[in-house]
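# Descriptive structure summary
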Amino acid sequence: MDPDAALELVKHGITVLLLDVPQYTLVGIDTQMFVVGPAFKGIKMIPPGVHFVFYSSSSRDGKEFSPIIGFFIDAGPSEVIVRKWDQQEERLVKVSEEEEVRYVQAVQSLEFDRQLGPYTLSQDGDWKRLSNYIMKSTIERLEPIGGEITVTTEPVMKNTPKTTMEKSLDEQLKTIKFSTTVDKSERKGCYYTSIPRVIKRKGIQGEELTSLNLDKTQLLESLLMKDYGGSEDSLLGELQFAFIAFLMGQSLEAFLQWKSLVSLLFGCVEAPFHTRSQLFTKFIKVIYYQLKYGLQKDHNDVQTGASSLLDDSWLSADSFLHHLCKDFFLLVQEASVVDGDLLSWTRKVKELLENSLGWEFQHSSAVDGMYFEEGDECAPVVEMLNEPSTNEAASA
């Protein structure tokens, strides 16, 4: 990179200053991971906006790692985020206001420049597509007290149906050597929206109640108004927040919330084709980029205590996601009217899962409804809606 251009990025980008972090600690930001060396003091040239910082402390030989701790930040141009390693607690903590002012001035004077690793700008596009609906308000609404997301302090989930993946993660977590024992009173999780698994309403029984549970459209509408202030993008922001906390932060609570939101949206029959077609186009696009990133095999991931979560244990053909996708693809196939963008992105998700995982989505119909020949009288009507989404990531 041209030295003048690099200097501009250093001055106008975000800097995350991480002081006294022990050697071999894993430190990550967004889709990038660093192994701390003797001179490491943080990351520079970070584009302004929302980011997720996470880390895992290591044993002296660098072979064993503690559970990941992560936190979201939303910072503007030239902003400096300062954290210092607390050796006793084995985690990063905030410094006093007086110290912070001093360190910020030192960063802005380029005193730490040689000890800061550069943010890999070529990976920023991936991150934007994973986080483009997460706003400052999303973080403030969902983050736990103190802002730290870690499986060690999450509320214990009891009496919840467990998938193969969840059982597998439970087993992995049991083998991790926790540096400190967390008291029940210290347990704190994120403030996720409560998504009912089964709909129950007074005065409604029989076929009507069954219908409400088969089509989650009414539940979606109720949650959008009651919990998201009518904002579809707020719901998508929570979906992205949970996915990132799950995949990068290795949070079981986040996985369960992501699963609940995905199940809610894929469980809608009427909304995708009538009242909320634009929401579902954006949702399918979000899911596409989440799965595309999660299924990449070339992340250069460093193995940690609860290693890669997006693995075969929950991406098997009998997983919840496979069943939800199969039902949704059939729904799109049999719809009489489909938004063109929704159809296009649904095809992309289907092809991604087929090509990456070898999943098959065969239905009783001899023809895959998403690939009708031009002029086929059985094909659904495709509507092209011309309302662009203002919050879409720049690159598709």
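Above this text is the structure in question.
Attention here is on the structure that accompanies the text. Please read these numbers as outputs of a predicted model, since none were measured by experiment.

So, how was this worked out
Residues numbered from 1 in each chain as written. Predicted model: local features only at pLDDT ≥ 70, side-chain atom pairs only at ≥ 80, totals over all residues. Heavy atoms only, no water. Helix = DSSP H or I, 4+ residues; strand = E, 2+ residues; numbered from the N terminus. Buried < 20%, exposed > 50% of the residue type's maximum accessible area, 1.4 Å probe, protein only. Areas by Shrake-Rupley, 256 points an atom, 1.4 Å probe, with all protein chains shown as cover. Expected span 1.5 Å × (residues − 1). Contact = heavy atoms within 4.5 Å. Salt bridge = Lys/Arg side-chain N within 4 Å of Asp/Glu carboxyl O. Pairing = 2+ DSSP bridges. Axes fitted to C-alpha atoms, helices over the stretch in contact; angles between N-to-C directions. Parallel < 35°, antiparallel > 145°, perpendicular 65-115°, else oblique. Nonpolar A, V, L, I, M, F, W, Y, C, P; charged D, E, K, R; others polar.

### Focus on the overall build of the chain
Summing up its helical and strand segments, the chain has 12 helices and 11 strands in all. For the chain, buried positions account for 50% of its 396 residues. Surface exposure of the chain reaches about 20,000 Å², of which carbon and sulfur atoms provide 48%.

### So, helix 8 (residues 232–247)
For helix 8, spanning 16 residues, the distance from its first C-alpha to its last is 23 Å, which sits close to the expected 22 Å at 1.5 Å a residue. Counting buried positions along helix 8 gives 15 out of 16 residues, so the element sits mostly inside the fold.

### A few points about helix 11 (residues 320–334)
The end-to-end C-alpha distance of helix 11, which contains 15 residues, comes to 21 Å, matching closely the 21 Å that a straight helix rising 1.5 Å per residue would cover. Listed in full, the buried residues belonging to helix 11 are F320, L321, H322, L324, C325, F328, F329, V332 and Q333. Against helix 9 (252–266), helix 10 (277–294), strand 10 (337–339) and helix 12 (340–357) lie the buried residues of helix 11.

### Description of the pattern of salt bridges
Applying the stated criterion across every chain yields a total of 13 salt bridges. Across the pair K84 and E99 runs a salt bridge, and its minimum N-O distance is 3.7 Å. Linking K84 in strand 7 (residues 80–86) with E99 in helix 2 (residues 97–108), this pair joins segments that are 15 residues apart in sequence. Exposure remark for K84: the relative accessible area of 24% places this residue in the partly exposed category. Judged by its relative accessible area of 22%, E99 is partly exposed.

### Regarding the sheet that holds strand 4 (residues 42–46)
Strand order in this open sheet of five strands is 8-7-1-4-9, and the pairing throughout is mixed. With one partner strand each, in any of the chains shown, strand 8 (91–93) and strand 9 (117–118) form the two edges of the open sheet. Alignment of strand 4 against strand 9, held across two bridges, turns out to be parallel. If you follow K44 over to strand 9, its bridge partner there is P118. Those strands touched by helix 2 are strand 1 (14–19) and strand 7, and its axis lies near 120 degrees from that of strand 7.

### Quick word on the packing of helix 3 (residues 124–131) against helix 8
Interhelical geometry of helix 3 versus helix 8 gives an angle of 125 degrees and a closest axis separation of 8 Å. Taken together, helix 3 and helix 8 sit at an angle that is classed as oblique. Two secondary-structure elements touch here, helix 3 through W127, R129, L130 and S131 and helix 8 through Q240, F243 and I244. Among the residues making up the contact of helix 3 with helix 8, the classes are represented as four nonpolar, two polar and one charged.

### A few points about the sheet that holds strand 3 (residues 32–35)
One open sheet accounts for four strands, arranged 3-2-5-6; its pairing is antiparallel. Of all strands in the sheet, those bounded by a partner on one side alone are strand 3 and strand 6 (69–75). Each strand of the sheet is rotated relative to its neighbour by a mean of 20 degrees, with strand direction disregarded. Pairing of strand 5 (residues 49–56) with strand 6 involves seven bridges; the strand directions are antiparallel. Within strand 6, the residue paired with V53 across the bridge is F71.

### What to know about the environment of L224
As for its placement among the helices and strands, L224 is situated in helix 7 (residues 217–227). C-alpha separation for the pair L224 and S234, spaced 10 residues apart in sequence, amounts to 8.7 Å. Beyond its immediate chain neighbours, meaning those up to four positions away, L224 contacts G229, G230, S231, E232, L235, R276 and L279.

### What to know about unusual backbone geometry
Residue Y24 is not a glycine yet carries a positive backbone phi of 80 degrees. Tracing the backbone through its elements, the reader meets Y24 in the loop between strand 1 and strand 2 (26–29). The class of Y24 is partly exposed, set by a relative accessible area of 36%. Residue Q250 is not a glycine yet carries a positive backbone phi of 55 degrees. By the secondary structure assignment, Q250 is in the loop between helix 8 and helix 9. Taking relative accessible area as the criterion, Q250 reaches 9% and is therefore assigned buried.

As far as function goes, none of this settles anything; it's purely spatial.
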